[in-house]
Amino acid sequence: MPPEASAVPAGAPPARRPAGEAEVATPPRLVKCVVWDIDNTLLDGVYLESAAAPPPANQAMAATLADLGSRGILHAIASKNPQQAAEHAAKVTGAQFAAVECGWGAKSDALARIAADLSIGTDALAFVDDDPYERAEVGAALPEVLVLAPEEVAEAAGWPEFGAAAVTDEARRRGEMYAARRHRQAAARAFGGSREEFLASAGTQVTIAATSQQDVPRLHELSARTRQFNSAGQAAGEAEFAAWIAAPDHEVVTVRLRDAFGDDGIVGACVTSHGDDGTWTVRLLAMSCRAMGRGVIDGLLAWLIRSAARAGAQGVAVPCVLNERNVPLRVALTGAGFRAGTGPGPDATAASAVFRRSTGTALPELPSWLRAPDAPIADELRQMLARITGRGELAGLPADAPLFGEGVSLDSLTGTLLLREVQRRFGVDVAGTDLNLDALATLGTLASFIAEQGGP
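In this text, all values refer to a predicted model and were calculated from it rather than measured experimentally.

Observations regarding the overall build of the protein
Okay, step 1: When helices and strands are counted, the protein shows 17 helices and 13 strands.
Okay, step 2: By the burial criterion, 49% of the 456 residues in the protein qualify as buried.
Okay, step 3: Carbon and sulfur atoms make up 53% of the accessible area of the protein, which totals about 20,500 Å².

Here you go:
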């Protein structure tokens, strides 16, 4: 249990509200990284006092490291020790640490550097240290950090701040992704050319594709975790994403990112509605902080503007909550030619603005390493299906609908006719190019496959 109030040093953050008392309705801020002390915390002893036999790992802390790591929570070290102590702690605990700050300065300064290095806010950090003074120092300098004593950690792992135990593939691989990030940053520093030249040399691939229901858990997780690139300023639930995907007047796309250093999986999502007023409205734009500085947000906005123009829309509107965290998103919108004005935002209870851009001006160029679906291709495929099957309702088919599953139920004859039509119209021989015919899984995968093959 958390220590009694009388035992908490001055300057330490207040203890959590006891069970049974009313909680504030505000959702907890999720912890993205736990920063650990070494002596008498990760280790059962003091490293510099152990001479030839360094202390072993604290088994309770090692178990918590593994548990939180499996949920996608990062780990870092802030310790008044030499670098060798961190290397020993990593070895005996079996944990991977995304950042290490060893030195004799203030722990709060070390935490601030760790947050900057990981491109997350200090309010996404938890700090574990056995020393009451160090906890008080961090609590006074960074009151937004969740400060814990080692004996509190086991209980705290079940708190809402540490998220749910069920996680996505991206969450399970988050430590691996941050290790790849360090290698990428080192390579970028050594590279002599521009950022765009480095992204190309690193084999950057950004893929924008239609969303399927299987993506919903990751999209919810993404909207809950990202704050710097979240137009709504809050999480969208799985049911909300599922409803958007099913709605015929909405389009939901995912953004995937990979390069020679690693595969980041789904790093972004964009939900748009296409009204009769000639405007595409972005209901949610969310992007992982791991994508910052890698050209992803610029590529997504360029694709969004060009797609709206191809569809005949007069402009794109992005309602955006205004807070201190999503300044990077607003800077990116401004850089893409959007200008803020008044209008209903996504959250009537928060300060908001609507960023607008006309499609009548010069359209942005798409980066050479960006792959995106061609919306007119999907529209033409819908018309083909309606014509071949004689079922007019297929003209409004969702992008994630299985072509051979319930709802469409293509048979061998209609499937063959569809492939003939695709080859005639787009010049793409799906059967000859995709031997496994994975492209025929859904309308969206078929449209993406045609676009990747250069059609039309």
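Examining the pairing of strand E8 (residues 262–274)
Okay, step 1: Of all 13 residues making up E8, 10 are buried, and the element is well covered by its neighbours.
Okay, step 2: Between strand E7 (residues 250–259) and E8, which pair antiparallel in sequence order, lie two residues.
Okay, step 3: As judged from the seven bridges shared by E8 and strand E9 (residues 279–287), these two strands associate in the antiparallel manner. Following the sheet pairing, Val271 is matched in E9 by Leu284.
Okay, step 4: Where E8 folds back onto E9 in an antiparallel hairpin, the turn is made up of four residues, including Gly278, whose phi is positive at roughly 80°.

Notes on the pairing of strand E3 (residues 99–102)
Okay, step 1: Sheet topology places strand E2 (residues 74–79) next to E3; four bridges connect them, and they run parallel. In the strand pairing of E3, Ile77 is matched with Val100.
Okay, step 2: Following the backbone out of E2, through helix H3 (residues 83–93) and into the adjacent parallel E3, one traces a crossover that is right-handed.

Comments concerning empty space enclosed by the protein
Okay, step 1: Taken as a whole and assessed by the stated rule, the structure comprises three cavities of 30 Å³ or more.
Okay, step 2: Computed from the structure, the largest cavity encloses a volume of approximately 120 Å³.
Okay, step 3: Along the walls of the largest cavity sit Lys32, Leu74, Ile120, Arg174, Tyr178, Arg218, Leu222, Arg225, Thr226, Ser288, Cys289 and Arg290, which together make up its complete lining.
Okay, step 4: Those elements giving two or more residues to the lining of the largest cavity turn out to be helix H8 (174–190) and helix H10 (216–225).
Okay, step 5: With three residues, H10 is the single largest residue contributor to the lining of the largest cavity.
Okay, step 6: Each residue belonging to the lining of the largest cavity can be placed in one class, and the counts come to five nonpolar, two polar and five charged.
Okay, step 7: Each pocket or cavity is described by its volume, and for the second largest cavity that value is around 40 Å³.
Okay, step 8: Around the second largest cavity, the lining residues are Val34, Trp36, Thr64, Leu68, Ala126, Val128, Leu148, Val153, Ala156, Ala157 and Phe162.
Okay, step 9: Taken together, the elements giving at least two residues each to the lining of the second largest cavity come down to strand E1 (33–36), helix H2 (59–70), strand E4 (125–128) and helix H6 (153–156).

Some details on the confidence of the model for the protein
Okay, step 1: Summarising the model, the protein shows a mean pLDDT of 84, and 89% of its residues fall at 70 or more.
Okay, step 2: Predicted confidence for residues 1–25 stays below pLDDT 50, and this span has 25 contacts to residues more than four positions away or in other chains.

Some words on unusual backbone geometry
Okay, step 1: Although it is not a glycine, Asn40 sits at a positive phi angle of roughly 55°.
Okay, step 2: Residue position: Asn40 is located in helix H1 (residues 38–42).
Okay, step 3: Not every positive phi belongs to a glycine, and Ser409 is a case in point at roughly 55°.
Okay, step 4: Structurally, the position occupied by Ser409 is in the loop between helix H14 (375–389) and helix H15 (412–426).

Thoughts on the pattern of salt bridges
For side chains of opposite charge, pairing can occur when their charged atoms come near one another.
Okay, step 1: Using the criterion set out here, one finds 20 salt bridges in the structure.
Okay, step 2: Of the charged contacts, one joins Arg387 and Glu421 as a salt bridge, the two residues approaching to 2.9 Å between their closest N and O atoms. Highlighted residues: Arg387 in helix H14 and Glu421 in helix H15, separated in sequence by 34 residues.
Okay, step 3: The class for Arg387 is exposed, based on a relative accessible area of 52%.
Okay, step 4: Residues Glu393 and Arg391 are paired through a salt bridge, measuring 3.1 Å at the closest nitrogen-oxygen approach.

Here's the deal with helix H17 (residues 443–452)
Okay, step 1: With respect to burial, H17 is a largely interior element, seven of its 10 residues being buried.
Okay, step 2: Three or more residues of H17 are buried, namely Leu443, Gly444, Leu446, Ala447, Ser448, Phe449 and Ile450.

Details of the nonpolar core
Okay, step 1: Counting 34 residues, the largest nonpolar core has Met287, Val296, Ile297, Leu300, Val316 and Phe338 as its most contacted members.
Okay, step 2: At eight residues, helix H12 (residues 296–310) tops the list of elements feeding residues into this core.
Okay, step 3: With 26 residues, the next largest nonpolar core counts Val34, Leu68, Ala86 and Val153 among its residues.

Details of the packing of helix H4 (residues 107–118) against helix H5 (residues 132–141)
Okay, step 1: Where H4 contacts H5, the axes come no closer than 8 Å and their chain directions differ by 60°. Considered as vectors, H4 and H5 are oriented oblique to each other. From H4, Lys107, Ser108 and Leu111 reach across to H5, where they touch Glu134, Glu137, Val138 and Ala141.
Okay, step 2: In terms of residue class, the contact of H4 with H5 is made up of three nonpolar, one polar and three charged.

Describing H2
Okay, step 1: Taking 1.5 Å as the rise per residue, H2 with 12 residues should run 16 Å; its terminal C-alpha atoms sit 17 Å apart, in good agreement.
Okay, step 2: Three or more residues of H2 are buried, namely Met61, Ala62, Thr64, Leu65 and Leu68. Buried residues along H2 cover an arc of 160° about the axis, so they all sit on one side. Along H2, the residues that are exposed and aim more than 90 degrees away from the buried face are Gln59 and Ala66.
Okay, step 3: Tucked inside the fold, the buried residues of H2 contact E1, H1, E2, H3 and H6.

Here's the deal with the packing of aromatic side chains
Okay, step 1: Considering all chains together, one arrives at three aromatic pairs under this definition.
Okay, step 2: A centroid spacing of 5.6 Å and a plane angle of 65° characterise the contact between Phe191 and Phe198, whose relative ring orientation is edge-to-face.
Okay, step 3: Judged by its relative accessible area of 30%, Phe191 falls in the partly exposed class.
Okay, step 4: Note on Phe198: relative accessible area 10%, which makes it buried.
Okay, step 5: One aromatic cluster in this structure is built from Phe191, Phe198 and Phe261.

Reading guide: rules and limits
Residues numbered from 1 in each chain as written. Predicted model: local features only at pLDDT ≥ 70, side-chain atom pairs only at ≥ 80, totals over all residues. Heavy atoms only, no water. Helix = DSSP H or I, 4+ residues; strand = E, 2+ residues; numbered from the N terminus. Buried < 20%, exposed > 50% of the residue type's maximum accessible area, 1.4 Å probe, protein only. Areas by Shrake-Rupley, 256 points an atom, 1.4 Å probe, with all protein chains shown as cover. Pairing = 2+ DSSP bridges. Right-handed = clockwise from strand over helix to strand, strands pointing away. 1 Å grid on protein atoms, 1.4 Å probe; cavity = no way out; pocket = protein on both sides within 12 Å on 5 of 7 lines; lining within 4 Å. Points joined across faces, edges and corners; volume = space filled by probe spheres on them. Nonpolar A, V, L, I, M, F, W, Y, C, P; charged D, E, K, R; others polar. pLDDT = per-residue confidence, 0-100. Contact = heavy atoms within 4.5 Å. Salt bridge = Lys/Arg side-chain N within 4 Å of Asp/Glu carboxyl O. Core = buried A, V, L, I, M, F, W, Y, C linked by side-chain atoms within 4.5 Å. Axes fitted to C-alpha atoms, helices over the stretch in contact; angles between N-to-C directions. Parallel < 35°, antiparallel > 145°, perpendicular 65-115°, else oblique. Expected span 1.5 Å × (residues − 1). Arc of directions from axis to C-beta. Phe/Tyr/Trp six-rings, centres within 6.5 Å; stacked < 30°, edge-to-face > 60°.

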